[in-house]
Amino acid sequence: MDDFLDSLYPELTLETDDIIMSIAVKKDYSKIQDFDKRKEEFIKDLNEFIQEFSETPESDDFMKYFDD
């Protein structure tokens, strides 16, 4: 089943000094012809995703992982 999902969505791994995040991209950005606009749209969607996640109970649960 994972191979099937891998073929449906391109994956991206983002890494900083503090975080490694793997993302499966469901939106078809190829419809946006202009490279700069496509990148801008992806970054906008990524920021919206992070904002939405920050407002979920799952984000609170995740932060509780670091409680003593």
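For the structure, see preceding data.
Described in the following lines is the structure provided in the data block. What you see is a predicted model; the values in this text were computed from it and never measured.

Rules used throughout
Residues numbered from 1 in each chain as written. Predicted model: local features only at pLDDT ≥ 70, side-chain atom pairs only at ≥ 80, totals over all residues. Heavy atoms only, no water. Buried < 20%, exposed > 50% of the residue type's maximum accessible area, 1.4 Å probe, protein only. Helix = DSSP H or I, 4+ residues; strand = E, 2+ residues; numbered from the N terminus. Pairing = 2+ DSSP bridges. Salt bridge = Lys/Arg side-chain N within 4 Å of Asp/Glu carboxyl O.

Concerning the pairing of strand 1 (residues 11–15)
The element strand 1 is barely covered by neighbouring structure, given that only 0 of its 5 residues are classed as buried. Relative to strand 2 (residues 20–24), strand 1 runs antiparallel, the two being bridged by 5 bridges. Counted as the bridge partner of T13 is S22 from strand 2. Between strand 1 and strand 2, which pair antiparallel one after the other, the connecting turn spans 4 residues.

What to know about the pattern of salt bridges
Counted under the stated rule, the structure contains 5 salt bridges. The salt bridge involving K44 is made with E41; its shortest N-O contact spans 3.7 Å. Residue K44 and its partner E41 are both found in helix 2 (residues 35–54); the two are separated by 3 residues, about one turn of the helix. Taking relative accessible area as the criterion, K44 reaches 36% and is therefore assigned partly exposed. Put simply, E48 and K44 hold a salt bridge, and the shortest N to O gap is 3.4 Å. A residue pair is termed a helical-turn pair when its members lie 3 or 4 positions apart in one helix, as E48 and K44 do in helix 2 at 4 residues.

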